[in-house]
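Now for the letters of each chain:
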Amino acid sequence: VERVLITSGDDVATEIVMGAGVIRSAGSVLPDRPGRRRVAVFAQPTTENLARGLAESIVATGCSAQIHVLPDREAAKTLQVAEHCYLWLNSIGMTRADTIVAVGGGAATDLGGFVGATYLRGLETVLVATTLLGAVDAAIGGKTAVNVGGKNLAGVFNHPARVVIDTAVLEELPAALLIEGSAEAVKAGFIADPELVALYTAHGQAAPIAEVVARAVRVKAAVVSEDFTEQGSRAILNYGHTVGHAVEHVSGIPHGHAVAIGMVAAGAASSLVTGFGDEAPQRELIAALGLPIVAPPVDPAAIESAMMLDKKRDADGLRMVLLEAFGKPIVTAVDPTTVRAALRAVGIG
Ligand SMILES: NC(=O)c1ccc[n+]([C@@H]2O[C@H](COP(=O)([O-])OP(=O)(O)OC[C@H]3O[C@@H](n4cnc5c(N)ncnc54)[C@H](O)[C@@H]3O)[C@@H](O)[C@H]2O)c1
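Just so it is clear, the structure is predicted and the values come from calculations on it, not from any experiment.

### Concerning the site of the ligand
- In the region of the ligand, 24 residues are neighbours, and T46, D72, E74, T130 and T131 sit closest.
- The side chain of D72 places a nitrogen or oxygen atom 2.5 Å from an oxygen atom of the ligand.
- K151 is positioned with one of its side-chain polar atoms (N or O) 3.0 Å from an oxygen atom of the ligand.
- Protein chains shield 87% of the accessible area of the ligand, which is 860 Å² for the free molecule.
- Broken down by secondary-structure element, the contributors of at least two residues to the shell around the ligand are α4 (106-118) and α5 (132-138).
- Of the residues that constitute the shell around the ligand, the class distribution is 7 nonpolar, 8 polar and 9 charged.

### Some thoughts on the packing of aromatic side chains
- If you walk through the whole model with that rule in mind, you get 6 aromatic pairs.
- The interplanar angle of 65° and the centroid separation of 5.3 Å between the aromatic rings of F157 and F228 together place this pair among those described as edge-to-face. Separated by 71 residues along the polypeptide, F157 in the loop between α5 and β7 (162-166) and F228 in the loop between α9 (209-226) and α10 (241-251) bring together distant segments of the chain.
- The class of F157 is partly exposed, set by a relative accessible area of 37%.

### As for the nonpolar core
- Membership of the largest hydrophobic core comes to 96 residues, with the highest contact counts inside it found for I16, L89, I165, F190, Y200 and V213.
- In terms of residues, this core owes the most to one element, α9, which gives 10 residues.
- With near-sequence residues (within four places) excluded, I16 lies in contact with E2, R3, V4, I6, I140, V163, I165, V217 and A221.
- Listed in part, the 22 residues of the second largest apolar core include V22, V29, A65 and V126.

### Considering the environment of K143
- Locating K143 in the fold gives a position in the loop between α5 and β7.
- In this structure the C-alpha to C-alpha distance between K143 and T229, which are 86 residues apart in sequence, comes to 8.7 Å.
- When sequence neighbours within four positions are dropped, the list of residues in contact with K143 reads D110, A138, V156, F157, E230 and R234.

### Side note on the packing of helix α3 (residues 79-91) against α4
- Axis separation between α3 and α4 bottoms out at 10 Å; the angle between their running directions is 55°. With respect to their mutual orientation, α3 and α4 come out oblique. For the pair α3 and α4, the sense of crossing is right-handed. Along its contact with α3, which presents L79, V81, A82, C85, Y86 and L89, the element α4 presents L111, F114, V115 and T118.
- Tallied by class, the residues present in the contact of α3 with α4 amount to 9 nonpolar, 1 polar and no charged.

### Observations regarding the side chain of T14
- Tracing the sequence through the fold places T14 in strand β2 (residues 11-19).
- Owing to a relative accessible area of 2%, T14 belongs among the buried residues under this scheme.
- The contacts of T14, once residues within four sequence positions are left out, are V4, L5, I6, H159, P160, A161, R162 and V163.

### A look at the pairing of strand β8 (residues 318-325)
- Relative to strand β9 (residues 328-334), β8 runs antiparallel, the two being bridged by 7 bridges. Directly across from V321, in β9, lies its bridge partner V331.
- The antiparallel hairpin formed by β8 and β9 contains 2 residues in its connecting segment, where G327 sits at a positive phi of about 90°.

### Remarks on the environment of F228
- When the C-alpha positions of F228 and N158 are compared, they lie 9.4 Å apart, and in sequence the two are 70 residues distant.
- Beyond its immediate stretch of four places on either side in the chain, F228 contacts G141, G142, F157, N158, H159 and R234.

### Quick word on the sheet that holds strand β6 (residues 124-129)
- Strand order in the open sheet formed by 7 strands is β1-β2-β7-β6-β5-β3-β4, with mixed pairing between adjacent strands. Lying at the two open borders of the sheet, with one neighbouring strand each, are β1 (2-8) and β4 (64-69). Between one strand and the next, the sheet's axes are offset by a mean angle of 20°, whatever the strand orientation.
- Strand direction decides the pairing type here: strand β3 (residues 38-43) and strand β5 (residues 99-104), joined by 5 bridges, are parallel. Residue A40 lies in a different strand from β5, and its bridge partner there is I100.
- Of the strands in this sheet, β3, β4 and β5 are in contact with helix α2 (residues 48-59), which crosses β4 at around 165°.
- The strands touched by α4 are β3, β5 and β6; relative to β5, the strand with the most contacts, the crossing angle is about 170°.

### Observations regarding the pattern of salt bridges
- The tally for this structure, following the rule as stated, stands at 16 salt bridges.
- The partner of K143 in a salt bridge is E230, and the shortest N-O contact between them spans 2.7 Å. Taken together, the residues span a long stretch of sequence, with K143 in the loop between α5 and β7 and E230 in the loop between α9 and α10 at a distance of 87 residues.
- In this structure E230 comes out as partly exposed when scored by relative accessible area, which is 27%.
- K187 is paired through a salt bridge with E184; the nearest N and O atoms lie 2.8 Å apart. Residue K187 and its partner E184 are located together in helix α7 (residues 175-192), separated by 3 residues, close to a single helical turn.
- If you follow the salt bridges from partner to partner, you end up with D193, E195, E211 and R215 in one network.

Rules of the game
Residues numbered from 1 in each chain as written. Predicted model: local features only at pLDDT ≥ 70, side-chain atom pairs only at ≥ 80, totals over all residues. Heavy atoms only, no water. Near = heavy atom within 4 Å. Polar contact = N/O pair within 3.5 Å; in protein donor to acceptor, adjacent residues only side chain to side chain. Areas by Shrake-Rupley, 256 points an atom, 1.4 Å probe, with all protein chains shown as cover. Helix = DSSP H or I, 4+ residues; strand = E, 2+ residues; numbered from the N terminus. Nonpolar A, V, L, I, M, F, W, Y, C, P; charged D, E, K, R; others polar. Phe/Tyr/Trp six-rings, centres within 6.5 Å; stacked < 30°, edge-to-face > 60°. Buried < 20%, exposed > 50% of the residue type's maximum accessible area, 1.4 Å probe, protein only. Core = buried A, V, L, I, M, F, W, Y, C linked by side-chain atoms within 4.5 Å. Contact = heavy atoms within 4.5 Å. Axes fitted to C-alpha atoms, helices over the stretch in contact; angles between N-to-C directions. Parallel < 35°, antiparallel > 145°, perpendicular 65-115°, else oblique. Left-handed = near helix turned anticlockwise from the far one by under 90°. Pairing = 2+ DSSP bridges. Salt bridge = Lys/Arg side-chain N within 4 Å of Asp/Glu carboxyl O.

Pasting the structure below:
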């Protein structure tokens, strides 16, 4: 079992616990806390059995544990679902001494984190990430949200007390979820860990998942420890997201695929602006992971207006995360010519 800490000043904000089989042990999932009497567990339809196993192990410690199953995927991330959760928590008598655990992919941990941050003005919250995307990204870093007429528009920053990643669960993921999550995992390598890039380059999707996850988690934990509320350096995590979000928004392709395309575009912009020399190897690695390197057919004007709406725009024009080399990101304003070249590199325009 490996532990990584997210710190806030001198304090530990979140303890991340990773290992094979950790979800079956209440002691690995729950922080020590005298006085806890109830644990409320949110699950997805796909993680209900994992949640049941966990609940049994919690009950064996003398605490009560009840399960509430959320709608799958984005359907969970609504204010109506949050309200159902609050009413259910009322009905089981939760108090501020008790703990909320969300077991699932990023949709479940975003919603569970939101409910945990707001119910009774905040209860101890534990996120058990069961997808690769959740483990390396969504569950790490304390951003919670629901969708209100646009993705993630209402939410709060709130550190979960613990994040639990059972690598044996991740080993069993269907290929499509593994491929999608690998986009955010390899992104962590591109921005901060050349050894992770080397690991994926050597093994592709056969790279040992425990090592991939540990490395990507360490990258995100370090960035979040430095800049929790995204005042500055946390922005490097948006590598590939300026173009990626626009493509995701306009075409509806999965987030990981869109980020992959966005990283190819950012690689092209990097080679123009910084002289980044690994544009081609980066693109080849993304393709070797089974991720797309060109956008589906989209209207270039729609992509450009989606990019301008992106919150990363500021007074200097569009800002992008670029690489000088693997592990050396910069955040910089980019001119329209560079943006057009980046889009052309992924077949847009
Ligand atoms: N808070 C953040 O910082 C942050 C960062 C990135 C993404 N996100 C959010 O994360 C969400 C995407 O995450 P996701 O891809 O994990 O989505 P998801 O939670 O919708 O999961 C995708 C699918 O995998 C299923 N699933 C979960 N665990 C499984 C398992 N062990 N085996 C088989 N199937 C399983 C789910 O039921 C779902 O059908 C989006 O809502 C996105 O906005 C949040």
